[in-house]
Amino acid sequence: MQIDKTFNDFVLKFGNINGSGSASANLLCAKALFRMGLPVTPKNIFPSNIQGMPTWYEIRVSEAGFQARRDGIDVMVAMNPQTYRQDVECVVPGGTLIYDSTMKRNFGRDDIDVLGIPISKLCADNWSDPRQRQLFKNVVYLGALARLIDIDNEILETLIAEQFRSKPKLVKPNIEALEIGREYSRENFPNRLKVRARKSTRTRGKIMISGNEAAALGAIYAEATVASWYPITPSTSVAEAFERYAKRFRTDEDGKLRAAIIQAEDELSAVGMAIGANWNGARAFTATSGPGISLMSEFIGLAYFSEIPLVLFNIQRGGPSTGMPTRTQQSDVLSCAYASHGDTKHVLLFPVDPGECFTFGADAFDLAERLQTPVFVMSDLDIGMNDWVIDEFTWDDERRADRGKVLDAVALEQVADFGRYRDVDGDGIAYRTIPGTHEERGAYFTRGTSHTETGGYTEDGTIHAKNLDRIARKHETAATLLPKPLIRDLSAKSKLGIINFGSTDSAVREALILLAREGHGLNHMRIRSFPFGEEIEAFAARHDYLFVVEQNRDAQMRHLLVAETDISARKLLPILNYDGMPLTAAFVHDAVLNLFAEYEDIAEACATPITAA
Amino acid sequence: MTHIAKPKFSHPNLPKNGLGLTRRNYEGVVSTLCAGCGHDSVSAAIIEACYELEIPAHKIAKISGIGCSSKTTNYFLNRAHGFNSVHGRMPSVATGANLANGELTYLGVSGDGDTASIGLGQFSHAVRRRLNMVYIVENNGTYGLTKGQFSATNDKRSKNRKGVENQFDSIDLCSLAIELGAGFVARSFSGDKAQLVPLIKAGMSYHGFALIDVISPCVTFNNHTSSTKSYDYLRAHNQVMDRLDIVASRPEISADYEPGTAIDVTLHDGSQINLHKLSSEYDPTDADTALSNLNRYKRQGTVVTGVLYLDPDEVDLHDVMNSSKQPLNSLGQSELCPGADALEALNAQYR
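Residues numbered from 1 in each chain as written. Chains lettered and ligands numbered in written order. Predicted model: local features only at pLDDT ≥ 70, side-chain atom pairs only at ≥ 80, totals over all residues.

Visitor: Describe the overall build of chain A, and please don't skip the residues or the numbers.
Guide: Helix and strand counts for chain A stand at 20 helices and 21 strands. If one aligns the C-alpha atoms of chain A with their principal axes, the spans along those axes are about 85 × 70 × 40 Å. Buried residues in chain A amount to 54% of all 613 residues. If you take every contact in chain A between residues at least 6 apart in sequence, the share linking residues at least 24 apart comes to 76%. (Helix = DSSP H or I, 4+ residues; strand = E, 2+ residues; numbered from the N terminus. Buried ≥ 20, exposed ≤ 12 C-beta atoms within 10 Å, placed from the backbone. Contact = placed C-beta atoms within 7 Å.)

Have a look at this one:
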C-alpha cells in the first residue's frame, strides 16, 4: 500500500441484509468520519425490497475532496453470507475483509487481510432479546472497525447520544455494543489497518444532507404551501421531508399547519392537485420519478397549454418501465423536455448535488410563476437519497418570491380589457388572475382546448397557430432566465471539451484531473438548465470535439443538444453509463481514452499544453 | 352557436337579490349544446340557486372535466373563474384548488363518462376525503360528443338508438358515494327545476362532499323509447322521496308540499335545511337505510330522487388535515419563509 493512501483516502464497504438495522450503524460511521473533518461520499446501494435481500453501503473518504464513487474497496465489512463471493472479490490487494466468524470461513485470498470477529456469538453472549441480538451486531462491527481505522470514539458516542435523543434508554446499550466490538479488536488485532482516518479541517462550513431533504427545504423557503404526491422510490422522501419541515416551521398559533401535504391516490391525481392549487394562487409541487412522469403527462400538457405554474421534482431512477427502482439514472431527459402530446416543451433544471436541489428547488417556484409553465427539477436517486457533503445552506432574507404577472383587484380596476392570454409585454407571458380576486373583472375560463386571447374556445387555425407561437416565445424568454452552464476553461487552447449535467459532475471533475496528469487537457461545461442559453453553442463553437457524459443508453442530452442547437452532431461524442450505479472517474477517464484511440484527430485536438487542472 | 353573443344590456327593472345582482349577472355564454339538452336545464338551475343563495359569483370556482356536461361550466357564472380540465380528473384539480383556498365555493360539473368511467378513481377519492364541494353529475347514460356509446351508468338491458342492448351492470353513483362517506347525496331530474334548485342550494351550503346526480336526458343519442334515461321514462318512473327548503338566515318561504314527516337540519354555515319526507319508509340520515332504499327502487326500475342521504356531522378535508384557517394562497413571506436564522440552526443539525 502506498504511503499517500494511508491517511484519509480509502473506501469502506458494508455488505448487509436489508431490514437488519444496518443502515443506521453505517450512517453513523459516515457521519463520524465527516465530523472528524473528512469529506465523505456515502452511497447506499439498496434493493427494492423490505427484508432479506442484499444491501450495501459504501463510504469513500477523500481528504482531497473527490466525491465520486470509487471502485476498489480498501475495507470490506461482509455481514451477508449470500454475497461473500462478490464482496471478497471487490477488495483491493492489501485490503482488509472483516466478517462474522461465528461461522468460520476460508475466503481463498492470500493477498488481503481477513479479520474474523465472532459478531453473532458476542451478541448472543451479551443480549437475550433476539431483536437486540440482531440490531447490536451492526454496532459491534462498527466498534471494531472504528478502532481499526482510528475513528474518533468520542465523536461516535456523541452521535449515538444524538441519534437516541428521544429514546435515551437506548444510548447505554449502544455504547456498550460499540465497546464490545472495540474490545474484541483490541485483544485480537493489536495492529491497526493500513488505511486510517486522521482529523482534518476539510469539512469546515460543510453539512451532510440528502438531495431530497434539500429539495423539500427549497420548497419550504420558496413559500410552497401545497405538496401533492404519490409514494414512489426514490422521490418519497421529498414529500416526507417537506411535511417534517412544514410541521417544524409552519405550525401557526392555533396549532394548525400553514401547508397542505396530501398523499394522492395516484400520480395523475397528485399532479392534478398541484395544478389546481397553483391555478388558485398557492405555490404547489409534486415529487415523483419516471413512471410517475409517464402517468402525469396528460396533465403536464394541460399546464403547458393553459399556462399554469407547476413545479415537479423528478428524482430519476433506472428505467425503462419499472426498471431498477433503487438504482440511479438520468434517463428522463427527453421524456420531461417534451412531456405530453402535441407541441410541448418544458423548463428543466439539473441540480448537481443537494446544494443545488435547495437553490434550484426554491428558484423553480419563481421560474414557474414568472413563466407560467411547468418546471422540472431533474434530480436523481444518487443525489436524492444519498447523503452528500456540501456547503452550508444560505438564504438572503431580502429575497422576495417572484409571483410573476398576477393582477390583483386594484390592478384589475385599471385594466380596460383584460385578456388572460394577451401578450401585452412582448415576452410571450400574459397576465393571470387568481379566482376570487374581483367581483366583476378578471374572471376567465381555463381550458385545454384551443383558446383565444380572452380564453374563449376557438377552432380558428390562425388564432391557434398564433397562440402556439406566443408560447414558444415564452420559452425563448425562459432561456434568458435560467441558471447558466458552468464553464471551466481548464486548458485554454484545447479543442476538446467535456459536457455533463447533474450527478455525474464529481466523476467528471476527477476524471479531468486524471486526464490532465496524463497530459490531456480538456475544457468543461456543466449544463444546468433547458431550454439552452446561447453560452452552450458558444462553448461548442470553440471546440472540435465534445464528450457528452450521461447516465442513459440513448444519449438523451446529446439528442436534445442536436435537436435544440446548431451544434453539429458529429462533434458530440457520447460517453454513456447506464448500469444504475453512481458514475466513477475511472469510467469517464477510460471512455475518453478509448475515444482517443478511435478517432485519431481527437488526440491532435488535445495536443495542447495544459494551463490548469 | 358560438357566433351568437349575448346582448350586454338588460331590462332596468329586472329583480335583484340581496347583493343587488340580477339573474343576468349569474349567467354565462350562450350554450352550444343541442336544443332541449337536459344539461342546459341544470345550468339554469345553478344560476337560479346561486342567485337565490346570494353568493357573489366570483367567490365560486367552476371546475369540470371533459364532455358535454363539462362544457357547461362556461354557460353559467361569467364572473367566476372556470377550469375545464382533462377527462375524468376534475376531482384532483378541485382538491388542489380547495387546498389553496378553502373559502371559495367549489362547484364541480361532470358527466357519467367523466365520473363513472375514466374518472371513477378520482371521484371515489374526492368523496372519501370529504372534499368540500358540490359535485354535479349530468347523467345521461351516454357519450354524446363521440356520438352515442354506452356509459357506465347506462342501465343493463337498456338499448341505444340503434337497438343494441347494454350487457353490463350500471354503476350507481349515489350508492357508491354513500358507501365512500359522502355527507350529502341527492338525485334529481333535469326536468324538475322545483326539486333541483333547492338541492343545489343545499349542496352548496353543505360543508363536506355533496353529490347531486342529475338524470339529464341526451336528446340526440339517448332519448328514445327503449332508453331508461329519456324524458318520457323519467317522467313515468321518478319516485320523489322528499322535497326540501334551504334557508340561509332569512325568513323561511313556506312551500306548499304534500303532507309527510319533516326533518330539520342546521348546517355548518348556519343555514337550515327543512326536509319534507314524502315517504315514511326511510331515514335519509341513516346510511344503511338510504342504501337499501336505493337498491329496492333500482330493482323495480324506479328512479328515486330527492335528498337520499344527509350526514348532519359535517366534516371536510381541511378539518381532517388541520390546515390553517387562513387560506394558504393568502399567506405571505413572514408566515411561510423560515428565514436565514432558522436555516443556520438547521445547518447545525446537519453537521
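Visitor: Outline the overall build of chain B, listing residues and values.
Guide: Helix and strand counts for chain B come out as 12 helices and 13 strands. The C-alpha radius of gyration of chain B comes to 21 Å, within 12% of the 20 Å expected for a compact globule of 351 residues. In terms of overall dimensions, chain B has a C-alpha envelope of 75 × 55 × 50 Å along the principal axes. The buried share of chain B, reckoned over its 351 residues, is 53%. In chain B, the share of contacts with a sequence separation of at least 24, taken over all contacts with a separation of at least 6, comes to 71%. (Rg over C-alpha atoms; globule rule 2.2 N^0.38 Å.)

Visitor: Before we move on, could you go through the interface of chain B and chain A and cite the residues and values that matter?
Guide: Of the residues lining the interface, 49 residues belong to chain B; the matching set on chain A comes to 56 residues. Per element, the largest residue contribution to the side of chain B that touches chain A is 8 residues, and it comes from helix 3 (residues 90-100) of chain B. Relative to strand 2 (residues 81-84) of chain B, strand 15 (residues 445-447) of chain A runs parallel, the two sharing 3 bridges. Pairing of A:Arg447 across the sheet is with B:Asn84, part of strand 2 of chain B. (Pairing = 2+ DSSP bridges.)

Visitor: Kindly report on unusual backbone geometry, identifying the contributing residues and their values.
Guide: Residue and element names in this part refer to chain A. Cis geometry is adopted by the peptide bond preceding proline 234, which originates at threonine 233 and carries an omega value of 5 degrees. Cis peptide bonds are those with omega within 30 degrees of zero, and the linkage from phenylalanine 530 to proline 531 qualifies with 0 degrees. Phi angles above zero are rare outside glycine, and serine 321 is one such case at about 50 degrees. Looking at the secondary structure, you find serine 321 in the loop between strand 11 (310-316) and helix 11 (333-337).

Visitor: Go over the nonpolar core with me, naming the residues and quoting the values.
Guide: Grouped together as the largest cluster of nonpolar side chains are 272 residues, with contacts concentrated most on A:Leu33, A:Val226, A:Phe242, B:Cys50 and B:Leu211. Ranked by residues supplied to this core, first place goes to helix 4 (residues 130-149) of chain A with 11 residues. Apart from residues lying up to four places away in sequence, A:Phe242 is in contact with A:Ala216, A:Ala219, A:Ile220, A:Ala227 and A:Ile261. (Core = buried A, V, L, I, M, F, W, Y, C linked by C-beta atoms within 7 Å.)

Visitor: So what's going on with helix 10 (residues 290-306) of chain A? Residues and values would help.
Guide: Residues and elements named next belong to chain A. Its 17 residues give helix 10 an end-to-end C-alpha distance of 23 Å, which sits within 8% of 24 Å, the value for a rise of 1.5 Å per residue. Maximal helix bending in helix 10 amounts to about 55 degrees, located at serine 297. Among the 17 residues that make up helix 10, 13 are buried, leaving the element largely enclosed by the rest of the structure. Positive backbone phi, approximately 60 degrees, marks glutamate 307, located one or two places after helix 10. (Expected span 1.5 Å × (residues − 1). Bend = angle between axes of the 7 residues up to and from the residue.)

Visitor: Lay out the domain arrangement of chain A with the relevant residues and their values.
Guide: Residue and element names in this part refer to chain A. Domain parsing of chain A yields domain 1 (3-188), domain 2 (209-391), domain 3 (409-471) and domain 4 (486-606). Contacts between the two partners involve 10 residues from domain 1 and, on the opposite side, 7 residues from domain 2. With 4 residues, the top contributor of residues to the side of domain 1 that touches domain 2 is strand 2 (residues 40-45). For the side of domain 1 that touches domain 2, the residue count by class is 7 nonpolar, 2 polar and 1 charged. (Domains from an automatic or database assignment. Nonpolar A, V, L, I, M, F, W, Y, C, P; charged D, E, K, R; others polar.)

Visitor: Tell me about helix 19 (residues 585-598) of chain A, and please be specific about residues and values.
Guide: Working note: α-helix, 3.6 residues per turn, so residues spaced by three or four point in the same direction. Residue and element names in this part refer to chain A. Its 14 residues place the ends of helix 19 20 Å apart at the C-alpha level, agreeing with the 20 Å of an ideal helix rising 1.5 Å per residue. Turning to helix 19, its buried residues number three or more, namely Ala585, Phe587, Val588, His589 and Val592. Its buried side turned inward, helix 19 meets helix 16 (505-517), strand 20 (545-550) and strand 21 (572-576).

Visitor: Give me the environment of A:Ile151: which residues, what numbers.
Guide: Residue and element names in this part refer to chain A. Among the secondary structure elements, isoleucine 151 is positioned in the loop between helix 4 and helix 5 (153-163). What makes isoleucine 151 buried here is the crowd of 21 C-beta atoms within 10 Å. Considered as a pair, isoleucine 151 and arginine 422 are 271 residues apart in the sequence and their alpha carbons are 64 Å apart. Residues contacting isoleucine 151, with those up to four places away along its chain left out, are Ala32, Leu33, Ala146, Leu156 and Ala197.

Visitor: Tell me about the pairing of strand 4 (residues 133-139) of chain B, and please be specific about residues and values.
Guide: Two faces make up the sheet, and in a regular strand the side chains alternate between them. Residue and element names in this part refer to chain B. Here strand 4 lies mainly inside the structure; 7 of its 7 residues are buried. Here strand 4 shows two buried faces, one formed by Met133, Tyr135, Val137 and Asn139 and the other by Val134, Ile136 and Glu138. Here strand 3 (residues 105-111) runs beside strand 4; their pairing, made up of 5 bridges, is parallel. Bridge pairing in strand 4 places glycine 111 opposite glutamate 138. Bridging between strand 4 and strand 8 (residues 209-215) involves 7 bridges; their strand directions are parallel. In the strand pairing of strand 8, valine 137 is matched with aspartate 213.

Visitor: Would you mind going over the sheet that holds strand 11 of chain A in detail, with residue names and values included?
Guide: Overall, mixed pairing links the 7 strands, which are arranged 9-8-10-11-13-12-19 (chain A) in an open sheet. Unpaired on one side and paired on the other, strand 9 (260-263) and strand 19 (529-530) of chain A mark the two borders of the sheet. Strand direction decides the pairing type here: strand 8 (residues 226-229) of chain A and strand 9 of chain A, joined by 4 bridges, are parallel. Across the sheet, A:Ala227 pairs through a bridge with A:Ile261, a residue of strand 9 of chain A. Against the sheet, helix 7 (residues 211-221) of chain A touches strand 10 (284-288), strand 11 and strand 13 (374-380) of chain A, its axis set at about 155 degrees to strand 13 of chain A. Its contacts with the sheet place helix 3 of chain B against strand 8, strand 9 and strand 10 of chain A, and it is angled at close to 155 degrees to strand 8 of chain A. (Axes fitted to C-alpha atoms, helices over the stretch in contact; angles between N-to-C directions.)

Visitor: Let's hear about the packing of helix 9 (residues 267-279) of chain A against helix 10 of chain A: which residues, and what values?
Guide: All names here are of chain A. At their nearest, the axes of helix 9 and helix 10 sit 8 Å apart, and the two run at 30 degrees to each other. Taken together, the axes of helix 9 and helix 10 are roughly parallel relative to one another. You can see that helix 9 and helix 10 cross each other, and the crossing is right-handed. Residues Glu267, Leu268, Val271, Gly272 and Ile275 of helix 9 form the contact with helix 10, whose own contacting residues are Gly292, Leu295, Met296, Phe299, Ile300, Leu302 and Ala303. For the contact of helix 9 with helix 10, the per-class residue count stands at 9 nonpolar, 2 polar and 1 charged. (Parallel < 35°, antiparallel > 145°, perpendicular 65-115°, else oblique. Left-handed = near helix turned anticlockwise from the far one by under 90°.)

Visitor: Which residues make up the sheet that holds strand 2 of chain A, and what values go with them?
Guide: All names here are of chain A. Spatially, 2-3-1-4-5-6 is the arrangement adopted by the 6 strands of the open sheet, whose pairing is mixed. A single partner strand is all that each edge strand has here, and the edge strands are strand 2 and strand 6 (113-117). Across this sheet, the average inter-strand angle for adjacent strands is 15 degrees, counted without regard to direction. Pairing geometry for strand 4 (residues 73-78) and strand 5 (residues 91-100), over 5 bridges, is parallel. The partner of valine 75 across the bridge, within strand 5, is threonine 96.

Visitor: Please set out the confidence of the model for chain B residue by residue, giving values where relevant.
Guide: All names here are of chain B. The predicted model of chain B averages 92 in pLDDT, with 95% of residues at 70 or higher. Note that residues 250-255 has pLDDT below 50 and, in this model, 5 contacts with residues that lie over four places away or in other chains. Model confidence for the complex is summarised by a pTM of 0.96, with the ipTM given as 0.95. (pLDDT = per-residue confidence, 0-100.)

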